Amino acid sequence: MTSSTASRRATGPARVIARAAKAPDALGMFAEASSGLRALLPYDASVWRATDPLTGLMAAPVRAENLDEGGCAVYWECELFTENVNLYRDLAEAPEPVASLREATGGLPARSTLYQRFMRPRGFADELRAVLRVGGRPYGHLSLFRAKGRPAFDEAETRLVAGLVTPLARVLRSFAEPASHPPPGAPHGPGLLLLGPAGDLLSANDEARAYLDDLPAGPATPTALGIRLPAWVRATALKARAVADGHDRGPARVRVRTRSGRWLVCHASCLRGADGAPGPSAVVLEPAATSEIVPLIVDAYELTERESQVTQCIARGLPTDRIARELHLSPHTVRDHVKAVFEKVRVSSRGELVGKLFTDHYAPFAEAGTIRPRLP
């Protein structure tokens, strides 16, 4: 490593994070972070994905660089059905959520089905992947690819990416903050998509088409129905099939924010025929319930558990003394928590706080006393 390279790697990560933090949305953040990272760590192709922090599944948006869109299905089929090296679900819980394929296979990447079916046909020799996580939750995936003839990702490069994992996840988490203006009304009824065992789109209702039209840009596959099927929708359906086949576990469910600021939930289930064999997958798109997005918004503002409790009391209209009695705190401590919440949410009054957080998302649950956010 030359002295100039070492100097860039010492100061460059801070610039990558600063550029990412100025982006207006997740897709812009991916573009800024990739541009900065490429100057520090050369690579030939990449994929930056937002994930649902509660399920770890790929969501939207997704930014793919120098990759064909048709490869997404192959990539996730390997991940969900056949791969056993560097699985995202394992990396999400690993002490360091970053790993290279060549390092993990002892320099024998052909042990990986991802290499055989996805990388080698496209001329790639190594993949460095990372889970962008903070507070124990995954907010994104990163895949960097190097072409044949280039050196494998080394230990220094793995450490460099590891240092970006948490800061970039914090930026991604911040995009869950409520929109400045309430989003327009959603289509009436849930959107329904039916996908065949191979992931091909068989049918879709009008509501599904309306929801898909409002999704962020990203890799998508053309279909015979004239719909471009987003990679993450297809991956959710594949997840449902993998669970039905016993290859994977957990819910096939993701929360996604649309371009207009609305939160959707996408969930899939694999249907079975009369003989019990797995058949097509049904994918449903519908507005996310309050309980689906409460944890995301609480996390976005980095409220502690106690601050969340105080905020819920404020939403119920309780004065400081009543909050102190309910939470077994002193009035002075309650005022300190209120001040901290105001600073994090960037408001100056209780009314402004309620209007910003609870009107669209918390109110029905706060009134019923049923909010139970999952906190980092």
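Scroll up to find the structure.
Residues numbered from 1 in each chain as written. Predicted model: local features only at pLDDT ≥ 70, side-chain atom pairs only at ≥ 80, totals over all residues. Heavy atoms only, no water.

Colleague: I'd like a rundown of helix H11 (residues 305-315), residues and numbers included.
Modeller: Along H11, the positions that sit buried rather than exposed are Glu307, Ser308, Val310, Thr311, Gln312, Cys313 and Ile314. Next to the buried residues of H11 lie helix H10 (290-300), helix H12 (320-327), helix H13 (331-345) and helix H14 (350-357). At the exit of H11 stands Gly317, carrying a positive phi of roughly 80 degrees. (Buried < 20%, exposed > 50% of the residue type's maximum accessible area, 1.4 Å probe, protein only. Helix = DSSP H or I, 4+ residues; strand = E, 2+ residues; numbered from the N terminus. Contact = heavy atoms within 4.5 Å.)

Colleague: Residues and numbers for the sheet that holds strand E3 (residues 98-100), please.
Modeller: On the basis of which strands lie adjacent, the open sheet formed by five strands has the order E2-E1-E5-E4-E3 and antiparallel pairing. Among the strands making up the open sheet, the edge pair consists of strand E2 (58-65) and E3. Ignoring which end each strand starts from, the neighbouring axes of this sheet average 10 degrees apart. Sheet topology places strand E4 (residues 124-134) next to strand E5 (residues 137-147); ten bridges connect them, and they run antiparallel. (Pairing = 2+ DSSP bridges. Axes fitted to C-alpha atoms, helices over the stretch in contact; angles between N-to-C directions.)

Colleague: Give me helix H9 (residues 231-244): which residues, what numbers.
Modeller: Because each turn of an α-helix spans 3.6 residues, side chains separated by three or four positions end up pointing in the same direction. Over its 14 residues, H9 extends 20 Å from the first C-alpha to the last, a length consistent with the 20 Å expected when each residue adds 1.5 Å. Among the 14 residues that make up H9, twelve are buried, leaving the element largely enclosed by the rest of the structure. Those residues of H9 lying buried are Ala231, Trp232, Val233, Arg234, Ala235, Thr236, Ala237, Leu238, Lys239, Ala240, Arg241 and Ala242. At the exit of H9 stands Gly246, carrying a positive phi of roughly 85 degrees. (Expected span 1.5 Å × (residues − 1).)

Colleague: Please give an account of empty space enclosed by the protein that cites residues and values.
Modeller: All told, the structure shown has three cavities of 30 Å³ or more when counted by the stated rule. Of the voids in this model, the largest cavity is the one considered here, and its volume is about 130 Å³. The wall of the largest cavity is formed by 15 residues, among which Val47, Arg49, Leu67, Gly71 and Cys72 lie closest to the centre. Sorting the residues of the lining of the largest cavity by element identifies strand E1 (45-51), E2 and helix H3 (71-82) as the ones contributing at least two each. Top contributing element to the lining of the largest cavity by residue count: H3, with four residues. Its residues placed into classes, the lining of the largest cavity shows eleven nonpolar, one polar and three charged. The space that makes up the second largest cavity amounts to roughly 40 Å³. What lines the second largest cavity is simply Gly196, Pro197, Ala198, Gly199, Ala237, Leu238, Arg241, Gly279 and Ser281. Sorting the residues of the lining of the second largest cavity by element identifies H9 and strand E12 (278-287) as the ones contributing at least two each. (1 Å grid on protein atoms, 1.4 Å probe; cavity = no way out; pocket = protein on both sides within 12 Å on 5 of 7 lines; lining within 4 Å. Points joined across faces, edges and corners; volume = space filled by probe spheres on them. Nonpolar A, V, L, I, M, F, W, Y, C, P; charged D, E, K, R; others polar.)

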